[in-house]
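Here is how the chains run, residue by residue.
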Amino acid sequence: MLKVRKGAHAPFVQENDMKHIFIVNPTSGVGNYKDVTAWIEANMLGLDYKIHITQYEGHATEIAKSYDKGVILYSIGGDGTAYEIINGMSFENEFCVIPVGTGNDFYKMINTKKEIFELLHDTVHGGHVSPVDVGQVNDRYFLNCANIGVDADVNARANGLKGTIVPRLLIYLVSTLREIMTMKPVRLHIFNNEFSYDKDITLLSVMNGKYYGSGFKSAPNAKINDGLFDLVIVDAVSRTRVINLLPKYMKGTHLDLDVVEVKEVDHVEVKSQVPLTIGCDGEIFKSDHLVFKMHKGILKYRLPKGIEL
């Protein structure tokens, strides 16, 4: 049985009583984190704050886990940094993303185009809390998405291209094109108390947000505060059909295709006869049995002044 950590619905703490914890991933994006840390050091006078620079994979999880309550956790990085923090933090604390990653797919759900220093100022000073949903698959929490099939294989390939000569903004697209050439359908049992499918799929995405892979619009109708996943299933199709489908999938105009089905669910299970590769907010793991559950409004997301979801 899936459990939510204690404190998910604790009362909010006044801003002046809270400590600002900045968790910074120095390998995320193209070096913008240095500008952010410089701003923090110059503009947090009189406020209780601390900057942590992550040193290795999983470090952000350890840092977040060390704070019990009464803090605001700022994720200075991309989707992977946010994922690590979510999987270590107490949900008694507030959380927000300051996007300095490459894709920043979850952050696309925040309705603001504030430049980075205005965003920092308006989040630290006068920011306010809005409840945001968090997904869970087995023992992992995720903010944005979990993928199976060609998506997850692309994700794994993309992770392997980081730090190579491929430009960061093109990594996901290059990985997609390469993976299509070797893709194979995946046989899944997909079910909950309302439906049951046994089918071969090209991909399955369990979406909280709309986007992944640096802007692929998998679930154009998704919301991060409605208590529901958008379950996007693409049936097994030929390589030629995938290539034709890809532009629509990028733009979010694929929902009316005969090989695409979307369901809104708050829970779903997926089983396979073989271990599956799963991409979870960009992080990869394997399992043959996945249990997805939505935790509605569990996250106290700190929005910048003047912004609403």
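Residues numbered from 1 in each chain as written. Predicted model: local features only at pLDDT ≥ 70, side-chain atom pairs only at ≥ 80, totals over all residues. Heavy atoms only, no water.

A.B. asks: Run through the overall build of the protein, naming residues and quoting values.
C.D. replies: Helix and strand content of the protein: seven helices and 15 strands. Out of the 309 residues belonging to the protein, those deemed buried represent 54%. Here the contacts in the protein between residues at least 6 apart in sequence split such that 73% fall between residues at least 24 apart. (Helix = DSSP H or I, 4+ residues; strand = E, 2+ residues; numbered from the N terminus. Buried < 20%, exposed > 50% of the residue type's maximum accessible area, 1.4 Å probe, protein only. Contact = heavy atoms within 4.5 Å.)

A.B. asks: Would you mind going over the layout of surface pockets in detail, with residue names and values included?
C.D. replies: The volume enclosed by the second largest pocket comes to roughly 240 Å³. Lining the second largest pocket, in full, are Pro99, Gly103, Asn104, Tyr107, Lys108, Ile110, Asn111, Thr112, Lys113, Lys114, Ile116 and Leu119. Class assignment of the residues belonging to the lining of the second largest pocket gives a composition of five nonpolar, four polar and three charged. (1 Å grid on protein atoms, 1.4 Å probe; cavity = no way out; pocket = protein on both sides within 12 Å on 5 of 7 lines; lining within 4 Å. Points joined across faces, edges and corners; volume = space filled by probe spheres on them. Nonpolar A, V, L, I, M, F, W, Y, C, P; charged D, E, K, R; others polar.)

A.B. asks: Please provide a residue-by-residue account of empty space enclosed by the protein, values included.
C.D. replies: The rolling of a water-molecule-sized probe over the atoms marks out the regions of remaining empty space. Across all of its chains, the model carries two cavities of 30 Å³ or more by this definition. Considered as a void within the structure, the second largest cavity measures approximately 30 Å³ in volume. Every residue lining the second largest cavity is listed: Gly77, Gly78, Asp79, Ala82, Val97, Asn104, Phe106 and Tyr107. Considering only residue class, the lining of the second largest cavity consists of four nonpolar, three polar and one charged.

A.B. asks: Pulling in residues and values, what's your account of the state of the cysteines?
C.D. replies: In total, this model carries zero disulfides according to the counting rule given. Here Cys145 stays free of any disulfide, with the sulfur of Cys280 as its closest cysteine sulfur at 7.6 Å. For Cys145, a relative accessible area of 3% gives the class buried. (Disulfide = S-S within 2.5 Å.)

A.B. asks: Residues and numbers for the pattern of salt bridges, please.
C.D. replies: Scanning all chains against the criterion turns up nine salt bridges. As a salt-bridge pair, Asp105 and Lys108 come within 3.3 Å of each other at their nearest N and O atoms. A relative accessible area of 36% places Lys108 in the partly exposed class. Salt-bridge contacts for Arg187 lead to Asp200; the nearest nitrogen and oxygen are separated by 3.5 Å. One end of the pair, Arg187, is in strand S8 (residues 186-191); the other, Asp200, is in strand S9 (residues 196-207), and 13 residues separate them in sequence. Among the residues examined, Arg187 registers a relative accessible area of 49% and is labelled partly exposed. Look at Asp200 and you get partly exposed, because its relative accessible area is 35%. (Salt bridge = Lys/Arg side-chain N within 4 Å of Asp/Glu carboxyl O.)

Everything listed is a geometric property; what it means functionally is a separate question.
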